[in-house]
Amino acid sequence: LYAFAPIHGGRHYRIWGTVGSACRVEVQLYSGDPWAGAGAGASVGYLPFEDLVVEDDGSFTVELAADPGPGSGLVNPPEATSVFVRHIYDRWTDEPIGEVHIDLVGEEGVRVLPASPAETAERLRRAGEILDQAVTVWPAFVHARYVARFPNTVSDLVDTYALGGVRGRWMAGGHFDLAPDQALVVVTRPTDAAYQAIQLTDMWFASLEYANLVSSLTTTQSVLGPDGAFHTIICAEDPGYPNWLDTGGHRRGVFLLRYDGVPGSVPTEARPTARLVDVADLASVVPGRADAEMPDRAVTRAARRRHLQRRTHR
């Protein structure tokens, strides 16, 4: 769950909220739009969950300022333009949902006047920039990162911190291109990551519908095989195996693996692999099917839908 706010660099903000049932909460500052390509922006600050002071009741406060002082703080440099707060959930349950709020310190309760013509024009220009990004940047991003390689294969894990991203976050992925009778089996292994997951997106990098079908799984939500690995099966129809990701009618799409809170690096032997197979041949590829306890798909979808209704207040 991402919360976003535009901010003024160098000003003092107070971010406060609760962790809830999230396994991690992290705060990141950006200058410009680094996701829009080289030269468009950069990450200019990051507060990992490991450095967040969480009270016994699950609440937290982060001072975002030129000099944040003791406690949970993050320097707000002059070039900062936005802040993201991520609540990361490895279990989708009925437990309390986290929340987050932001104040501009010193201006609490100050009357907000109507936007001036110049401010309104700037907001419209910004909306146009965001639309332009949506229709140009994301398809190009997907092609460069995921499609410009053989389909149904997985890339090596990349340390995003080395690329200016988040410390301790490693990512891998690829794109699937499946006939109705084919499945892609992605094999991952447990690691020291605090959070590990796989999800599906469309070719615009938009998450596939995830309330009424299972298009993402964390390791906490997955069944570990007798060989000590997670065998995630991407295909169009229920194959009768645990760890199925539903393509939701998409023949082509992206699969994305995320490892958060990694201390050091992910060992070579734990890195993901992928194999294209016929659905009819899954028994020879996925071990332990006869002994695996099959999840009730209807119960799983109902729990996901209820969690998301709570998370999004809908």
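Let us look at the structure shown here. (Residues numbered from 1 in each chain as written. Predicted model: local features only at pLDDT ≥ 70, side-chain atom pairs only at ≥ 80, totals over all residues. Heavy atoms only, no water.)

## Details of the overall build of the protein
- Broken down by element type, the protein carries 2 helices and 17 strands.
- Relative to the compact-globule value of 20 Å for 314 residues, the protein shows a C-alpha radius of gyration of 21 Å, a close match.
- Seen through its C-alpha atoms, the protein measures out along the principal axes to roughly 65 × 45 × 40 Å.
- When each of the 314 residues of the protein is scored for burial, the buried share is 42%.
- For the protein, long-range pairs separated by at least 24 residues make up 75% of all intrachain contacts whose partners lie at least 6 apart in sequence.
- For the protein, the accessible area works out to roughly 16,100 Å², and carbon and sulfur atoms hold 55% of it.
- If you average the places of the 28 positive and of the 39 negative side-chain charges in the protein, the two averages end up 4 Å apart. (Helix = DSSP H or I, 4+ residues; strand = E, 2+ residues; numbered from the N terminus. Rg over C-alpha atoms; globule rule 2.2 N^0.38 Å. Buried < 20%, exposed > 50% of the residue type's maximum accessible area, 1.4 Å probe, protein only. Contact = heavy atoms within 4.5 Å. Areas by Shrake-Rupley, 256 points an atom, 1.4 Å probe, with all protein chains shown as cover. Lys, Arg positive; Asp, Glu negative; His and termini not counted. Charge placed at Lys NZ, Arg CZ, Asp CG, Glu CD.)

## A closer look at the layout of surface pockets
- Roughly 850 Å³ of volume is contained in the second largest pocket.
- Forming the boundary of the second largest pocket are 25 residues, of which P6, I7, H8, T81 and R123 lie nearest the centre.
- Every element with two or more residues in the lining of the second largest pocket is listed here: β1 (2–6) and α1 (117–147).
- In terms of residue count, α1 provides more of the lining of the second largest pocket than any other element does, 9 residues in total.
- Grouping the constituent residues of the lining of the second largest pocket by class yields 12 nonpolar, 5 polar and 8 charged. (1 Å grid on protein atoms, 1.4 Å probe; cavity = no way out; pocket = protein on both sides within 12 Å on 5 of 7 lines; lining within 4 Å. Points joined across faces, edges and corners; volume = space filled by probe spheres on them. Nonpolar A, V, L, I, M, F, W, Y, C, P; charged D, E, K, R; others polar.)

## Some remarks on the environment of G174
- Following the sequence through the fold, G174 ends up in strand β10 (residues 170–177).
- For the pair G174 and G253, spaced 79 residues apart in sequence, the C-alpha separation works out to 8.7 Å.
- Discounting residues that sit within four places of it in the chain, G174 has contacts with Y146, R149, T153, G253, V254 and F255.

## Points about the sheet that holds strand β9 (residues 158–159)
- Taken together, the 5 strands give an open sheet; going across it, the order is β9-β10-β16-β12-β13, and neighbouring strands pair in antiparallel fashion. Each edge of the sheet is formed by a strand with only one pairing partner; in this case those strands are β9 and β13 (216–218).
- Helix-sheet contacts for α1 involve β10 and β16 (252–260), and the interaxial angle to β16 is about 70°. (Pairing = 2+ DSSP bridges. Axes fitted to C-alpha atoms, helices over the stretch in contact; angles between N-to-C directions.)

## Here's the deal with the nonpolar core
- I7, I15, V25, V27, V62, L64 and V83 are the most contacted members of the largest nonpolar core, which totals 24 residues.
- With residues near it in sequence (within four places) discarded, V83 still touches A3, F4, A5, I7, I15, V27, Q28, L29, L64 and I102. (Core = buried A, V, L, I, M, F, W, Y, C linked by side-chain atoms within 4.5 Å.)

## Some thoughts on helix α2 (residues 297–312)
- In this model α2 runs 22 Å from its N-terminal to its C-terminal C-alpha over 16 residues, within 8% of the 22 Å that 1.5 Å per residue would give.
- Buried within α2 are the following residues: R297, R304, H307, L308 and R311. Projected down its long axis, α2 shows its buried positions confined to an angular sector of 100°, all on one face.
- On its buried face, α2 sits against β8 (97–104), β13 and β15 (244–246).
- Its side-chain oxygen 3.0 Å from the backbone nitrogen of A298, D296 forms the N-cap of α2. (Expected span 1.5 Å × (residues − 1). Arc of directions from axis to C-beta. Polar contact = N/O pair within 3.5 Å; in protein donor to acceptor, adjacent residues only side chain to side chain.)

## A look at the sheet that holds β15
- Spatially, 4 strands are ordered β15-β14-β11-β17 in an open sheet, and the strand pairing comes out mixed. Both edges of this open sheet fall to β15 and β17 (273–278), since each of them pairs with a single strand only. Here the strands of the sheet are splayed against their neighbours by 25° on average, with no regard to which way each runs.
- Two strands pair when backbone bridges link them, and strand β14 (residues 230–235) and β15 are joined in this way by 3 bridges, in the parallel orientation. Within β15, the residue paired with I233 across the bridge is W244.

## Quick look at α1
- With 31 residues, α1 should reach 45 Å at 1.5 Å per residue; the first-to-last C-alpha distance of 43 Å fits that figure.
- The principal kink in α1, of about 35°, is found at Q133.
- Listed in full, the buried residues belonging to α1 are Q133, V137, F141, V142, Y146 and V147.
- Check the buried side of α1 and you find it contacts β10 and β16. (Bend = angle between axes of the 7 residues up to and from the residue.)

## What about empty space enclosed by the protein?
- The final tally for this structure, using the stated rule, is 1 cavity of 30 Å³ or more.
- Roughly 80 Å³ of volume is contained in the largest cavity.
- If you go around the largest cavity, the residues you meet are T188, Q196, A197, I198, L217, T218, T219, S222, F230, T232 and L257.
- Put simply, the parts of the chain that give the lining of the largest cavity at least two residues each are β12 (195–201), β13 and β14.
- If one sorts the elements of the lining of the largest cavity by residue count, β12 sits on top with 3 residues.
- Taken together, the residues that form the lining of the largest cavity break down as 5 nonpolar, 6 polar and no charged.

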